[in-house]
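Coordinate inspection notes
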Amino acid sequence: MFVSLRRTANENKETTVRLLIMGPPGAGKGTQAARIASRLGIPTISTGEIFRSNITRGTALGREVKRIIDAGDYVPDAITEAIVAERLAEPDCAHGFLLDGFPRTLHQADALDRMLGVTGLDAVLSLVIDLEPLVARMLLRAKIENRPDDNEATIRHRMDVYTQATEPLLSHYRDAGVLVEVDGNGSIDEVSERLLAALDTAKV
Ligand code: ADP
């Protein structure tokens, strides 16, 4: 299914840009993803948002994942991979997309490699940021957004899960030659500018 999406895009000689943005919880991935995607005219696929929207709407999926997410744990790979596979098959993804928050485990990264083929991603943007100030930023966000997964113990747990399960993906993408590291410290505008400049340099 994904192979055929790819072929269609290539046959039409249209530009496709397939990106992934990574970074620890609270690094501002979602905000930056929305900015980059709108600049490039591609959809953002945020697994966190998909899960939250299902929870809000009280769907079967939402009921299944609520407790896991509230505890700061990862939703099982099989569920997450199926959701992304379905989303990537939608027509608006045919000319590119920006993944935000997926993959988060090596299993998910392998699944994505299978969905897209070996040269599937044009670039993986990695926000490099000091972990400690992030906790403070997330506590502030918790007050504003009232997210149940944003209390201090859960935030620390999410950082640990990130370090153990997700950080190893950086080497995976570095080895594949697609990792683009960007300084994630600073204002939202500063980071956006760095990201766009890095995409330019990487000729994406
Ligand atoms: P943040 O950017 O603050 O880490 P997200 O909105 O990306 O938050 O994700 C919120 C939560 O949704 C995660 O803590 C996790 O429980 C769940 N989640 C999102 N994406 C994935 C994924 N790829 N695999 C497993 N769980 C996920």
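Structure shown above.
Bear in mind that the values here come from a model prediction, so they are computed numbers and not experimental data.

Parameters and conventions
Think of each chain on its own: its residues are numbered from 1, step by step along the sequence as written. Only residues with pLDDT of 70 or above have their local features reported here, since the model is predicted, and side-chain atom pairs are shown and tallied only from 80 upward, although totals for entire chains, interfaces and linings are computed over all residues. As a rule here, side-chain values come from all non-hydrogen atoms in the structure, and water together with hydrogens is ignored. We count a stretch as a helix when DSSP gives it H or I for four or more residues in a row; a strand needs E for two or more, and each element gets its number in order from the N terminus. Classification of residues uses two cut-offs on accessible area relative to the type maximum, computed with a 1.4 Å probe and protein chains only: under 20% is buried, over 50% is exposed, and between them is partly exposed. We call two residues contacting when some pair of their heavy atoms lies within 4.5 Å. Nonpolar cores are built from buried Ala, Val, Leu, Ile, Met, Phe, Trp, Tyr and Cys residues. Side-chain atoms within 4.5 Å join them into one set. Here, a strand pair is defined by DSSP locating no fewer than two bridges between the strands. The criterion for a residue being near a molecule or strand is simple. One of its heavy atoms has to lie within 4 Å of it. The term polar contact refers here to a pair of N or O atoms within 3.5 Å; inside protein, the definition further demands a hydrogen-donor-capable atom paired with an acceptor-capable atom, and it admits residues adjacent in sequence only when both atoms are side-chain atoms. Using a 1.4 Å probe, accessible areas were evaluated by the Shrake-Rupley method; residue-level cover was limited to the displayed protein chains. Axes here refer to lines fitted to C-alpha atoms; in helices the fit is confined to the stretch in contact. Angles between the N-to-C directions go from 0 to 180 degrees. What sets the label is the angle itself: under 35 degrees gives roughly parallel, over 145 gives roughly antiparallel, 65 to 115 gives roughly perpendicular, and the rest give oblique. Put simply, a salt bridge is a Lys or Arg side-chain nitrogen that is within 4 Å of an Asp or Glu carboxyl oxygen.

1. Considering the overall build of the chain
Of regular secondary structure, the chain possesses 10 helices and five strands. Along the three orthogonal principal directions, the C-alpha set of the chain runs to about 50 × 40 × 30 Å. Counting over 204 residues, the chain shows a buried share of 46%. Within the chain, contacts between residues separated by at least 24 positions form 74% of all contacts whose residues are at least 6 apart in sequence.

2. Some details on the nonpolar core
Counting residues in hydrophobic clusters, the biggest one holds 24 residues, and the most contacted among them are L19, I21, I36, L98, L125 and L195. Going through the elements one at a time, β1 (17-22), α2 (29-40), β4 (123-128), α7 (131-145), α8 (152-166), β5 (179-183) and α10 (188-201) are the ones with two or more residues in this core. Per-element accounting of this core gives the leading share, four residues, to α10. Once residues lying within four places of it in the same chain are set aside, the contact partners of L19 are I36, L40, I42, F97, L98, L99, L121, D122, A123, L199 and V204. Of all hydrophobic cores here, the second largest spans 22 residues; its members include L99, F102, V124 and L179.

3. What about the pairing of strand β3 (residues 96-100)?
Counting buried positions over the five residues of β3 gives five, a clear majority of the element. Of the two faces of β3, the one carrying G96, L98 and D100 and the one carrying F97 and L99 are both buried. One ladder, built from three bridges, connects strand β2 (residues 44-46) with β3; its direction is parallel. Bridge assignment links S46 to a residue of β3, and that residue is D100.

4. Some thoughts on the site of the ligand
The environment of the ligand is made up of 19 residues, and the closest members are T47, D73, G101, R104 and R158. T47 places a polar side-chain atom, nitrogen or oxygen, 2.8 Å from a nitrogen atom of the ligand. In this structure, D73 approaches the ligand through a main-chain N or O atom, which is 2.6 Å from an oxygen atom. Burial of the ligand by the protein amounts to 96% of the accessible area it has alone, namely 560 Å².

5. Looking at the sheet that holds β4
Here we have five strands laid out as an open sheet, ordered β2-β3-β1-β4-β5, and parallel in their pairing. Only two strands of the sheet have a single neighbouring strand rather than two, namely β2 and β5. Adjacent strand axes in the sheet meet at a mean angle of 20°, parallel and antiparallel pairs treated alike. Alignment of β4 against β5, held across five bridges, turns out to be parallel. What sits directly across from L125, in β5, is V180.

6. As for the side chain of S192
Following the sequence through the fold, S192 ends up in helix α10. With near-sequence residues (within four places) excluded, S192 lies in contact with Q32 and R35.

7. Thoughts on the packing of helix α3 (residues 47-57) against helix α5 (residues 77-88)
To describe two helices that pack against each other, one gives the angle between their axes and the distance between the axes. For the pair α3 and α5, the least separation of the axes is 11 Å and the interaxial angle reads 100°. Compared by their axis directions, α3 and α5 come out roughly perpendicular. Along its contact with α3, which presents T47, I50 and F51, the element α5 presents T80, I83 and V84.

8. As for the pattern of salt bridges
Applying the stated criterion across every chain yields a total of eight salt bridges. Salt-bridge contacts for D183 lead to R194; the nearest nitrogen and oxygen are separated by 3.8 Å. Of this pair, D183 sits in strand β5 while R194 sits in helix α10, and the two are 11 residues apart along the sequence. With a relative accessible area of 37%, D183 lands in the partly exposed category. Here the residues in one salt-bridge network are R87, E90 and D92, joined through shared partners.

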